[in-house]
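Each chain, letter by letter, is given below.
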Amino acid sequence: MSLRERGERALDEVASEGEDAGVDVETRFAEGRPQTRIVDRADETNADLVVMGQQGHTGLGERLLGSALTRVLRNTDVPVLAVPAGLRDGAPEFGDVLVPTDGSDASRRAAPYGADVARRYGVTLHLLSVLDVQREAGIFDVGGVSEAYVDRLLEQARENVDDLSDAAGDLDDLDVVRDVVRGRAHTGVREYVEAEDVGLVVIASRGETSFTGQALGSVTDRVLRVLAVPVLVVPVA
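Residues numbered from 1 in each chain as written. Predicted model: local features only at pLDDT ≥ 70, side-chain atom pairs only at ≥ 80, totals over all residues. Heavy atoms only, no water.

1. Here we look at the overall build of the protein
Line of reasoning, step 1. Summing up its helical and strand segments, the protein has nine helices and seven strands in all.
Line of reasoning, step 2. Classification of the 237 residues of the protein by burial places 39% in the buried group.
Line of reasoning, step 3. For the protein, the proportion of contacts with a sequence separation of at least 24, taken over those separated by at least 6, is 72%.
Line of reasoning, step 4. Of the roughly 13700 Å² of accessible surface on the protein, 46% is carried by carbon and sulfur atoms. (Helix = DSSP H or I, 4+ residues; strand = E, 2+ residues; numbered from the N terminus. Buried < 20%, exposed > 50% of the residue type's maximum accessible area, 1.4 Å probe, protein only. Contact = heavy atoms within 4.5 Å. Areas by Shrake-Rupley, 256 points an atom, 1.4 Å probe, with all protein chains shown as cover.)

Rendered as structure tokens:
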């Protein structure tokens, strides 16, 4: 069976699933580099969302993002929903929504998206800051840091969550949980997701356009790799 035949068969299966679910599906077969064709098609159709699957696990337990997903994330200004392999078939039972923040303007851009999804599905919105004391302290952590210093970091983390809440808009109609945990960014997010039955994580990424963008992008990559729930990545120019 040729690549075209396999591709068209896959499209037929998707169209059939859409019909069963009462969703209109328009299919198209294209040849070329997947990431280029996906980004071009999103632009041509003025798409509001790109949905892509992730691959399985590496030997270290992290998920393989795949070059197409990674490059689409780096080259589109359309939000991308990354769905990990291994989710059960059929429509998911939607859990709570989590929006993490690192205190940056970029991370706050994800807040309205998270609030909108939580509102549409009637679930709780979680706003989270993960405080990495070791990273914040840097070389000053060699001999340990004072309790007062950690308290200041915690206060800043709480302010970051408040800023995230403000960026989300009017939340009076939502059940909102605001929290601060300690640990590495991606590890803290993963543990929080597992503990709070979160069904979707919404995170912003600036790609690799600047030093700040590289740092935030690396966190986004790690979050995508360690989570077993869908992640909505909101691009920030």
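Right, picking up where we left off after that structure.
2. Points about helix α7 (residues 147-167)
Residues lying three or four places apart along an α-helix face the same way, a consequence of the helix completing one turn every 3.6 residues.
Line of reasoning, step 1. Helix length check: α7, at 21 residues, gives a terminal C-alpha distance of 30 Å against a target of 30 Å (1.5 Å per residue), a fit within 8%.
Line of reasoning, step 2. Those residues of α7 that fall on the buried side of the exposure criterion are Val150, Leu153, Leu154, Ala157, Asn160, Val161, Leu164 and Ser165. One face of α7 carries all of its buried residues, which in axial projection span an arc of 140°. Exposed positions of α7 whose direction lies more than 90 degrees from the buried face are Arg152 and Asp166.
Line of reasoning, step 3. With its phi angle positive at about 90°, Gly169 sits one or two positions after the end of α7. (Expected span 1.5 Å × (residues − 1). Arc of directions from axis to C-beta.)

3. With respect to unusual backbone geometry
Line of reasoning, step 1. For Asn46, which is not glycine, the phi dihedral falls at a positive 55°.
Line of reasoning, step 2. As for its placement among the helices and strands, Asn46 is situated in the loop between α2 (34-44) and β1 (50-53).
Line of reasoning, step 3. Looking at Asn46, the relative accessible area reads 63%, which means it is exposed.

4. A closer look at the pattern of salt bridges
Line of reasoning, step 1. Tallying each qualifying case throughout the model produces 11 salt bridges.
Line of reasoning, step 2. Between Arg28 and Glu44 there is a salt bridge, with its nearest N and O atoms 3.2 Å apart. One end of the pair, Arg28, is in the loop between α1 (3-20) and α2; the other, Glu44, is in helix α2, and 16 residues separate them in sequence.
Line of reasoning, step 3. Measuring nitrogen to oxygen at the nearest pair gives 3.8 Å for the salt bridge that ties Arg37 to Asp40. In this pair, Arg37 and Asp40 both sit in helix α2, three residues apart, roughly one turn of the helix.
Line of reasoning, step 4. One continuous salt-bridge network, built from bridges that share partners, spans Glu26, Arg28, Arg41 and Glu44. (Salt bridge = Lys/Arg side-chain N within 4 Å of Asp/Glu carboxyl O.)

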